[in-house]
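Letter by letter, the chains look like this.
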Amino acid sequence: MKLITHNMLESRVKDCPDDKRFPLGINATKVIEQKVVLNKQFIINILTKIDWEVLLEAIKQIGYNEKIELPLEIPVEIEKDDDLIMKIHHALLEIEIIEGELICQGTGRKFTIKEGIANMLLNSEELK
Amino acid sequence: MFSRFSPILNHINQKDFQFVYEPSEDSFLLCEGIEKNINFIKEEIKPTICLEIGTGTGFVTCFVNKLFEENKVSCFYITTDINHKAAKIANETFKLNCVEPKETIITDLIEGFESRLKNSIDLLLFNPPYVPTDPSEKIGIDPLDQNSLLSSSWAGGKNGMEVTQIVLDKLDFLLSPNGCCFIVALEENQPEIIAKNLFFKGFRTAVVKKKEIEDEKLYILKIYRK
């Protein structure tokens, strides 16, 4: 599971307070890095949909905050900063959580990540 | 092979198809419908996020990725399946066919993504369980019943529309301003009624492909904002 996806997922557990649904906590036990072809325009487009603080926190939670240094805020003239775009590309698309879990911050419910695939299925009692 | 954009599926055994929907005429027709609209997608939609619900083997998203690469369209491919075996196979299909950037998630339709993907999906692809089934037959997945893994890929409840309708009701919320949805429907799903209902919600529906196969009349519908 990529960090871009973590930035898009929330807990749908019935008992979770609405302000705790997003983001999900991460407990990663196996993380890999793999090359994905850079598309600059895609990164610029997707940044409008990314919660930057959540991305920074996610990087910290998987222990990559020393490997990937990102600014606290997205610079206004991001288009001109190819080096930063490359770093964002790496953080969003090239880091894969292979084994671990996502944790609902409102209820503690854990969602397993196995072989790179997160399982967000809830049973009927947990559903809204 | 059905097209030069067809993915390699060598990793899938015949026995996997007891649990995962095997790409069939409906999958191929959906691909043909999308291919026919490549210029529309490239020029009008300019997709950033492509979401396929119920991806099964991953065939359709893989096809779309190959088609898009040739046409210099690049986006993030999100696929979901309620069937964990399907999700695993789909992920292998994507790896084998070098589909990137991609993500596969086990979930019911788009549960978990909805709020954050509000008006963000540029392309939504769905080959739904569209076969009308008796109210006594369950739709979706029963964790205690292995057979429900496969039946969840086709059992559609009343008029075959129970699952499709859930997704259609969310289109306005999910699709981006230029977003578009490609969906498979059956004659029994009453495509003209689907189109009429969507019209009142602000959408146009076009039949981009139509094919009669054995006793099934299949339609590929393209749904976009007026």
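Fair warning: this is a prediction, and the values are worked out from it, not measured in the lab. (Residues numbered from 1 in each chain as written. Chains lettered and ligands numbered in written order. Predicted model: local features only at pLDDT ≥ 70, side-chain atom pairs only at ≥ 80, totals over all residues. Heavy atoms only, no water.)

Caption draft 1: Spatial organisation of the interface of chain A and chain B. Facing the 29 residues of chain A at the interface are 27 residues of chain B. Buried area between chain A and chain B, summed over both chains or domains, comes out near 2400 Å², and the portion from carbon and sulfur atoms is 59%. When the buried surface of chain A facing chain B is broken down by residue, Met8, Lys49 and Ile117 of chain A rank first, second and third, together holding 26% of it. Here chain A is connected to chain B by 3 salt bridges. Between Arg12 of chain A and Glu111 of chain B there is a salt bridge whose closest N-O contact spans 3.6 Å. Applying the counting rule to chain A against chain B returns 12 residue pairs in polar contact (both at pLDDT 80 or more). For the side of chain A that touches chain B, the secondary structure elements donating two or more residues are helix H1 (3–6), helix H2 (40–47) and strand E4 (117–119) of chain A. Tallied by class, the residues present in the side of chain A that touches chain B amount to 15 nonpolar, 7 polar and 7 charged. (Contact = heavy atoms within 4.5 Å. Buried area = accessible area lost by both parts, 1.4 Å probe. Salt bridge = Lys/Arg side-chain N within 4 Å of Asp/Glu carboxyl O. Polar contact = N/O pair within 3.5 Å; in protein donor to acceptor, adjacent residues only side chain to side chain. Helix = DSSP H or I, 4+ residues; strand = E, 2+ residues; numbered from the N terminus. Nonpolar A, V, L, I, M, F, W, Y, C, P; charged D, E, K, R; others polar.)

Caption draft 2: Looking closely at the sheet that holds strand E4 (residues 121–126) of chain B. Here we have 11 strands laid out as an open sheet, ordered E1(A)-E2(A)-E3(A)-E4(A)-E3(B)-E2(B)-E1(B)-E4(B)-E5(B)-E7(B)-E6(B), and mixed in their pairing. The open sheet is flanked by strand E1 (25–33) of chain A together with strand E6 (203–213) of chain B, the only strands paired with a single partner. On average, adjacent strands in this sheet sit at an angle of 20° to one another, irrespective of strand direction. Pairing analysis gives 4 bridges linking strand E1 (residues 49–53) of chain B to E4 of chain B, with the strands arranged parallel. Within E4 of chain B, the residue paired with Cys50 of chain B across the bridge is Leu123 of chain B. Contacting E4 of chain A together with strand E2 (76–81) and strand E3 (102–106) of chain B, helix H4 (residues 84–96) of chain B crosses the sheet at an angle of about 170° to E3 of chain B. Lying on the sheet, helix H6 (residues 162–174) of chain B is in contact with E1, E4, strand E5 (175–186), E6 and strand E7 (216–225) of chain B; it crosses E5 of chain B at an angle near 165°. (Pairing = 2+ DSSP bridges. Axes fitted to C-alpha atoms, helices over the stretch in contact; angles between N-to-C directions.)

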